[in-house]
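Residue-level listing of the chains:
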Amino acid sequence: MKEYLDVALRAVRQASEICAAVQKQLVAEDSLTKKDRSPVTVADFASQAVVCRALHEAFPHIPIVAEEDANSLRETENRELLKKIQSFLPDWSETEILQSIDLGNGEPGNLFWTLDPIDGTKGFLRKDQYAVALALLKDGQPILGVLGCPNLPFSPEDKSGTLMYASQGAGSFALSLSGGEPIRVHVSQNGPDGIVRFLESVEAGHSNHSLQGQLMAHFGERAQSVRYDSQVKYAVLAQGLADVYLRLPNPSQPDYREKIWDHAAGYAIVKEAGGQATDMFGKPLEFFHGKKLINNRGVVVTNGKLHDTIIALLNGKQND
Ligand code: AMP
Ligand code: MG
């Protein structure tokens with residue numbers, strides 16, 4: 001496992017640094033809108049190129065299932081975008097960039113990587129939170145997860161960003177993106193009778209904020225809420241800084257299914273920190289049906305202590 005982890009950490013750290021550099025000097029021309037109307041930026045492409053190349057060089061036989069592909073970058077109208085990517089990867093040829101991005105077109109199998117080169121692109125564009133999210137899945141289980149969170153301060157003194165990782169059976173760790181010693185992290189111990197700190201998406205369309213509101217009302221003044229983009233929510237929960245992450249399906253998109261790269265890395269990190277993650281009915285997350293969690297609805301992540309209470313309340317509330 002250590003050889004996987006070393007390569008994954010190095011790749012995610014390098015991608016995170018590039019994303020942070022792009023975000024600092026972001027201009028409107030740095031992004032385009034995909035067919036599903038979601039945005040993709042210079043940084044998403046550069047991040048995917050860097051991580052895929054590192055993984056492929058070290059483990060050429062392990063497929064990579066990543067969110068982006070290079071098709072749009074091959075179109076003449078997007079030449080400037082490709083040039084811009086190259087300005088952040090000065091030693092790379094255009095062909096190397098395109099081919100490295102497309103290394104992420106692999107198919108899920110018994111052992112594969114899944115990568116979201118920028119999870120929370122909308123947050124990235126707002127200059128808010130986002131994460132570079134990489135997981136290794138074996139026999140349908142995320143056995144290793146790495147999250148690069150460039151805008152999540154590691155400590156009050158060190159604002160250079162946070163790198164989090166976990167591998168199965170070895171615990172969950174956080175360190176500064178600028179280096180230093182990793183520290184082991186654990187979820188909180190808060191139970192249903194105390195303060196309950198909820199995490200939600202910033203983007204209203206990615207969840208059901210009204211149902212979340214009803215659930216939180218159950219805890220009255222003991223409920224607190226904080227919104228972050230991306231799998232940074234998993235990182236915050238794994239560090240014990242929040243207790244519950246709710247991702248309840250948006251009622252106006254009943255056919256939406258969660259993507260594996262939006263959860264696998266965070267899942268591995270929260271589990272190893274002592275937490276729990278299921279769908280909104282309490283069903284285990286099934287990462288073994290391809291690129292989507294087709295047999296699950298929504299995602300509920302907790303410190304473990306709160307899990308049964310939240311699932312019970314959620315399902316009682318649903319029938320209101
Ligand atoms: P967050 O920042 O937590 O809102 O999550 C960002 C992720 O939400 C993106 O990477 C998308 O893959 C995903 N997403 C997009 N549309 C939806 C939707 N309707 N419901 C849930 N997740 C979505
Ligand atoms: Mg994503």
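Owing to the predicted nature of the structure, the values given are computational and were not obtained by experimental measurement. (Residues numbered from 1 in each chain as written. Chains lettered and ligands numbered in written order. Predicted model: local features only at pLDDT ≥ 70, side-chain atom pairs only at ≥ 80, totals over all residues. Heavy atoms only, no water.)

> It is not clear to me how the overall build of the protein should be interpreted in this structure. Could you clarify?
Broken down by element type, the protein carries nine helices and 14 strands. Taking 2.2 N^0.38 as the reference for a compact globule, 320 residues should give roughly 20 Å; the C-alpha atoms of the protein span a radius of gyration of 19 Å, in line with that estimate. When the backbone C-alpha atoms are referred to their principal axes, the protein occupies close to 60 × 40 × 40 Å. Relative to its full complement of 320 residues, the protein shows a buried share of 56%. (Helix = DSSP H or I, 4+ residues; strand = E, 2+ residues; numbered from the N terminus. Rg over C-alpha atoms; globule rule 2.2 N^0.38 Å. Buried < 20%, exposed > 50% of the residue type's maximum accessible area, 1.4 Å probe, protein only.)

> Even after reading the chapter, I still don't get the coordination of the magnesium ion (ligand 2), so can you show me in this structure?
Under perfect tetrahedral coordination by four donors, a metal shows angles of 109.5 degrees; under perfect octahedral coordination by six donors, it shows angles of 90 or 180 degrees. Here the magnesium ion (ligand 2) is held by D116 (OD), D119 (OD) and D262 (OD), and the distances to it run 2.0 to 2.3 Å. Mapped onto the sequence, the residues coordinating the magnesium ion (ligand 2) show the spacing D-x2-D-x142-D. Here D262 lies in the loop between β12 (244-247) and α8 (264-272) and D119 lies in strand β4 (residues 111-119), a separation of 143 residues in the sequence. (Donors = N, O, S within 2.8 Å, 3.2 Å for Na, K, Ca; no water.)

> Just to check I follow, could you spell out helix α4 (residues 94-102) for this structure?
Residues spaced three or four apart along an α-helix point in a common direction, a consequence of the helix completing one turn every 3.6 residues. Where α4 is concerned, the buried positions are E94, I97, L98, S100, I101 and D102. Contact partners of the buried residues in α4: α2 (42-58) and α3 (79-88). (Contact = heavy atoms within 4.5 Å.)

> It is not clear to me how the environment of F124 should be interpreted in this structure. Could you clarify?
Position of F124 relative to the elements: it lies in helix α5 (residues 121-125). Judged by its relative accessible area of 0%, F124 is buried. Put simply, F124 and S172 are 48 residues apart on the chain and 25 Å apart in space, counted from C-alpha to C-alpha. Excluding residues within four positions of it along the chain, F124 makes contact with C19, V22, Q23, L26, T41, A43, I118, Q129 and Y130.

> Can you walk me through the sheet that holds strand β8 (residues 172-176) in this structure?
Backbone-to-backbone hydrogen bonds join strands into a sheet, with any given pair of strands oriented parallel or antiparallel. A sheet is described by the order of its strands in space; here seven strands give the open sequence β3-β4-β5-β6-β7-β8-β9, paired in mixed fashion. If you trace the sheet from one side to the other, it starts and ends with β3 (64-66) and β9 (179-185), each paired once. Across the sheet, the mean angle separating the axes of adjacent strands is 20 degrees when strand polarity is ignored. Sheet topology note: the β4/strand β5 (residues 131-138) ladder contains seven bridges and is antiparallel. Looking at β5, one finds that F112 is bridged to L137. Helix α1 (residues 2-24) contacts β4, β5, β6 (141-149), β7 (162-167), β8 and β9 of the sheet and is inclined by roughly 30 degrees relative to β6. Strand contacts of α2: β3, β4 and β5, with the helix running at about 155 degrees to β4, the strand carrying the most contacts. (Pairing = 2+ DSSP bridges. Axes fitted to C-alpha atoms, helices over the stretch in contact; angles between N-to-C directions.)

> Would you explain the site of ligand 1 in this entry?
Taken together, 13 residues lie around ligand 1, and S201, H206, S230, K233 and D262 are the ones closest in. S230 is positioned with one of its backbone polar atoms (N or O) 2.6 Å from an oxygen atom of ligand 1. Between Q253 and ligand 1, the recorded distance is 2.7 Å, taken from a side-chain N or O atom to a nitrogen atom. Protein chains bury 87% of the 500 Å² of accessible surface belonging to ligand 1 in isolation. (Near = heavy atom within 4 Å. Polar contact = N/O pair within 3.5 Å; in protein donor to acceptor, adjacent residues only side chain to side chain. Areas by Shrake-Rupley, 256 points an atom, 1.4 Å probe, with all protein chains shown as cover.)

> What's the story with the nonpolar core in this structure? I'm lost.
Within soluble globular proteins, side chains that are nonpolar generally end up buried alongside one another. Judged by nonpolar contacts, the single largest core of 54 residues is most densely connected at L89, W113 and V146. Here this core takes 11 residues from α1, the largest share from any one element. Leaving out residues up to four positions away in the same chain, L89 has contacts with I18, A46, A49, V50 and I97. Of all hydrophobic cores here, the second largest spans 37 residues; its members include V65, A166, V232 and Y267. (Core = buried A, V, L, I, M, F, W, Y, C linked by side-chain atoms within 4.5 Å.)

> Mind showing me how you'd approach the environment of D158 here?
Tracing the sequence through the fold places D158 in the loop between β6 and β7. As a C-alpha pair, D158 and S176 span 18 residues in sequence and 7.4 Å in three-dimensional space. With residues up to four places along the chain from it excluded, the contact list for D158 reads P153, S176 and S178.

> What is the right way to read the pairing of β4 from this model?
The two faces of the sheet receive side chains in turn, since in a regular strand these alternate between them. Counting buried positions along β4 yields eight of nine residues, so the element is predominantly enclosed. As paired elements, β3 and β4 share three bridges and run parallel to each other. Across the sheet, residue I64 finds its bridge partner in β4, namely W113.

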